[in-house]
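Structural features, examined
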Amino acid sequence: MLPRLAFLVTAAALAAGCATKAPQSAEEFRLMAPGAFMIKSESYEVKRPLREVAESFRRRAPECLNLTVRTTSQTPGSYQVLNTAYKSTVVPGAERAELHVQKSDLTGVIKVAKEPAGGYYIMVVDATPVDRGRTRIQLIGPSRGYDVVWRAIRGWATGENLGCPDMTKIG
Amino acid sequence: MRAWALVLCGAGLLAGCGGTIRYAEVAEKNLHIRIETSSGSAFSSVKAALGVHAVDARCALKYEGTVELDRSQVEVGIPAGRLSYLVFEFASSGFLAARRGSIRHETLLRPRAGQGYDIRVSYRNDIYEVVIRERGSPGREIGRAGLAACISHAKE
């Protein structure tokens, strides 16, 4: 399962013309995302002011998303160990709060494009105020395999679930 | 003699002692742990456990043992007045994909003498949370503190 997915992601990156250049910043990731293969965008509103959403991101992201995970996958004829480091960055602001997630495969994956410091950008979340009590959340990230992270970020944004995603369930 | 050593070693491994030892608790049960785990799928399972480490003055860890969090409520006694490093581990496995992984929530805790702590450990649909509160009204939440907090405190 994992080798197949790694192949798909690599193929997707190549198909998207990323063989020589991966986004080197969150802004480049935003610009690259529309129409990119296996990347989706989602937006929704939450009934919380931007300040509270930003505070949830600030509290939860470092605790939940700055870590290294190790997973093993065993199928007949193959045994794979993957060590993956994740890093989050929260950029608070009066008009917009941002959450960036980066990923760096430490073992088991060939890197086909230049990796920015901290890892490849895999998700960018922008929170902007709709009015004093509501905030619009715009997420850009992988369309497959990261469901648990999408759900966790929604929980932080709404304030209904402040739990951490089990990052071993990615892929 | 060597044969006996092999037999004892093998017996130890068979008893599940290969690297994990059962935590020898202190008498006063000061951690009251409520556990809710559900993998959310019939094709996978998740197990929770608590590893306890002693922390010395240089912030070095000494593993003391593990408590299986395999019931809805578990009471554990750890030494009061001493810094401990608690490692809550959620180990999941799938039946079909044979995929395994574990994720940890680690924190320092120095229990106060005579004080109890309520700990809520949850893992539902691949989202986990560990919340530690001092007992009392309303119950102060103890924030997560990594080893870096110990190291910076030790340097002061």
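Let us now look at the environment of I142(B). All names here are of chain B. If you trace the backbone, I142 turns up in strand β9 (residues 141-142). C-alpha separation for the pair I142 and S93, spaced 49 residues apart in sequence, amounts to 30 Å. I142 has contacts with L109, I132, R133 and E134, leaving out every residue within four places of it along the chain.

This part covers the pairing of strand β7 (residues 117-124) of chain B. Residue and element names in this part refer to chain B. As paired strands, strand β1 (residues 31-38) and β7 are joined by 8 bridges and run parallel to one another. Looking at β7, one finds that H32 is bridged to D118. Note: β7 against strand β8 (residues 127-134), 8 bridges, orientation antiparallel. Following the sheet pairing, S122 is matched in β8 by E129. Connecting β7 to the antiparallel partner β8 that follows it, the hairpin turn spans 2 residues, and N125 within it adopts a positive phi of roughly 50 degrees.

As a further point, take helix α3 (residues 50-65) of chain A. With 16 residues, α3(A) ought to run about 22 Å at 1.5 Å a step, and its terminal C-alpha atoms sit 21 Å apart, in line with that. L50(A), V53(A), A54(A), S56(A), F57(A), R60(A), A61(A), C64(A) and L65(A) are the residues of α3(A) that are buried.

Let us now look at the confidence of the model for chain B. All names here are of chain B. For chain B, mean pLDDT is 85; residues scoring 70 or higher make up 82% of the total. In this model, residues 12-17 is a region of pLDDT below 50 whose contacts with residues beyond four sequence positions or in other chains number 2 contacts. The ipTM for the predicted assembly is 0.81, set against a pTM of 0.82.

Facing 22 residues of chain A, the contacting portion of chain B comprises 15 residues. Elements with a contribution of two residues or more to the side of chain A that touches chain B: β2 (67-75), α4 (147-158) and β7 (164-165) of chain A. Sorting elements by how many residues they give to the side of chain A that touches chain B places β2(A) first, with 7 residues. Taken together, the residues of the side of chain A that touches chain B sort by class into 8 nonpolar, 9 polar and 5 charged. When β7(A) meets β8(B), the two strands line up antiparallel, connected through 2 bridges. Within β8(B), the position partnered with C164(A) by the bridge is Y128(B).

Analysis parameters
- Residues numbered from 1 in each chain as written.
- Chains lettered and ligands numbered in written order.
- Predicted model: local features only at pLDDT ≥ 70, side-chain atom pairs only at ≥ 80, totals over all residues.
- Helix = DSSP H or I, 4+ residues; strand = E, 2+ residues; numbered from the N terminus.
- Contact = placed C-beta atoms within 7 Å.
- Pairing = 2+ DSSP bridges.
- Expected span 1.5 Å × (residues − 1).
- Buried ≥ 20, exposed ≤ 12 C-beta atoms within 10 Å, placed from the backbone.
- pLDDT = per-residue confidence, 0-100.
- Nonpolar A, V, L, I, M, F, W, Y, C, P; charged D, E, K, R; others polar.

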